[in-house]
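A closer look at the structure
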Amino acid sequence: MRQRSRERLLQATVELVEERGYEATTLGDITQRAGSARGLVSYYFSGKRALLQSAVHRLMHRELAAALESEPPAKDGDELLARAIDAILNLTRTRTTLMRTHMASILQEEGFIQCPEQQRLAFLLRDTVERWGSDNPEEEYKLLRALLMGSTVALLLPGAPMPLALLRAELFRRYGLDWSAGLPPEDTPGLEPAARA
């Protein structure tokens, strides 16, 4: 029952921040949407920022897991990595307000919050780079995380966003992935990177 209450708080946070923005969303709004007592927020989270980061990490974990497990099953590690990259880039494209708020939260002085949702997301990404064939999955996971965070910022930069297809091409080039792997964006001639030798 406690786990369900925590899940409802995380889901309500995602919904409300996407609808209203971070500043216009109060903890009272979140608990009301979740149908939870106000005290549960402080029981599970140190504050609104921690709740937001956990909520976004939960969403990212779910989107990533769904992409990795989608049909047809991935035939190899290249396909898994392509799906992982596309899942995060597409989430950034479709949940702009939420992801922009999340990135701004991470860049504040308190920084990156280690929570169960972040650990599940990290496990999936680390496992993906291991299945892709990395000799050092821990370091490769950290690099992939940094590249995805950088791409997220580039996609969301107010006034000067970079095109998703161009960022995807650079990431696929870095990892030697075939452009047709994962979920390639449509109508992007000339961006296809060469396949890994």
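Here the structure is a predicted model, which is why all the values come from computation and not from measurement.

Looking at helix 9 (residues 164–175)
For helix 9, with twelve residues, the first-to-last C-alpha span of 17 Å sits near the 16 Å given by 1.5 Å per residue. Looking at the buried side of helix 9, the elements it contacts are helix 5 (77–94), helix 7 (116–132) and helix 8 (137–156). G176, located one to two residues past helix 9, shows a positive phi value of around 65°.

Description of the packing of aromatic side chains
A complete count under the given rule lists four aromatic pairs for this structure. With centroids separated by 5.0 Å and ring planes inclined at 80°, the aromatic side chains of Y43 and Y44 adopt a geometry described as edge-to-face. Plain terms: the ring middles of W132 and Y175 are 5.2 Å apart, the flat faces sit at 85° to each other, and that makes the pair edge-to-face. A residue pair is termed long-range when its members are at least 10 positions apart, and W132 in helix 7 and Y175 in helix 9 qualify at 43 residues. Here the two residues W132 and Y175 agree in accessibility, since each one is buried. Through pairs of rings, three or more aromatic residues link up here, namely Y43, Y44 and F45. Looking at R126, its charged tip hangs above the ring of Y141, at a distance of 4.7 Å from the centre. The ring of Y175 has R174 lying over it, and the distance from NZ or CZ to the ring centre is 4.6 Å.

What about the packing of helix 1 (residues 2–20) against helix 2 (residues 27–34)?
Angle between the axes and distance between the axes are the two parameters that describe a pair of packed helices. Their axes nearest at 8 Å, the elements helix 1 and helix 2 cross at an angle of 120°. Taken together, the axis directions place helix 1 and helix 2 in an arrangement best described as oblique. Here helix 1 and helix 2 pass one another in a crossing that is right-handed. Mapping the contact onto sequence places R8, L9, A12, T13, E15, L16, E19 and R20 in helix 1 and D29, I30, T31, R33 and A34 in helix 2. Of the residues assigned to the contact of helix 1 with helix 2, the class counts are five nonpolar, two polar and six charged.

Some words on the environment of L183
Secondary-structure assignment places L183 in the segment after helix 9. Classification of L183 by relative accessible area gives exposed; the value is 61%. What L183 contacts, discounting residues up to four positions off in sequence, is D86, N90 and R168.

A look at empty space enclosed by the protein
Gaps left between atoms show up when a probe the size of a water molecule is rolled over them. Tallied over the full model, the rule gives one cavity of 30 Å³ or more. A volume near 180 Å³ is recorded for the largest cavity. Forming the boundary of the largest cavity are 17 residues, of which H57, M60, L121, R145 and M149 lie nearest the centre. When residues of the lining of the largest cavity are traced back to their parent elements, those giving at least two are helix 4 (48–68), helix 6 (96–106), helix 7 and helix 8. In terms of residue count, the dominant contributor to the lining of the largest cavity is helix 8 (five residues). Grouping the constituent residues of the lining of the largest cavity by class yields twelve nonpolar, four polar and one charged.

Some words on unusual backbone geometry
Cis geometry is found at the peptide bond from E71 to P72, where omega equals -5°. With respect to the helices and strands, the residue P72 is situated in the loop between helix 4 and helix 5.

Definitions and limits used
- Residues numbered from 1 in each chain as written.
- Predicted model: local features only at pLDDT ≥ 70, side-chain atom pairs only at ≥ 80, totals over all residues.
- Heavy atoms only, no water.
- Helix = DSSP H or I, 4+ residues; strand = E, 2+ residues; numbered from the N terminus.
- Expected span 1.5 Å × (residues − 1).
- Contact = heavy atoms within 4.5 Å.
- Phe/Tyr/Trp six-rings, centres within 6.5 Å; stacked < 30°, edge-to-face > 60°.
- Buried < 20%, exposed > 50% of the residue type's maximum accessible area, 1.4 Å probe, protein only.
- Lys NZ or Arg CZ within 6 Å of the ring centre and 35° of its normal.
- Axes fitted to C-alpha atoms, helices over the stretch in contact; angles between N-to-C directions.
- Parallel < 35°, antiparallel > 145°, perpendicular 65-115°, else oblique.
- Left-handed = near helix turned anticlockwise from the far one by under 90°.
- Nonpolar A, V, L, I, M, F, W, Y, C, P; charged D, E, K, R; others polar.
- 1 Å grid on protein atoms, 1.4 Å probe; cavity = no way out; pocket = protein on both sides within 12 Å on 5 of 7 lines; lining within 4 Å.
- Points joined across faces, edges and corners; volume = space filled by probe spheres on them.

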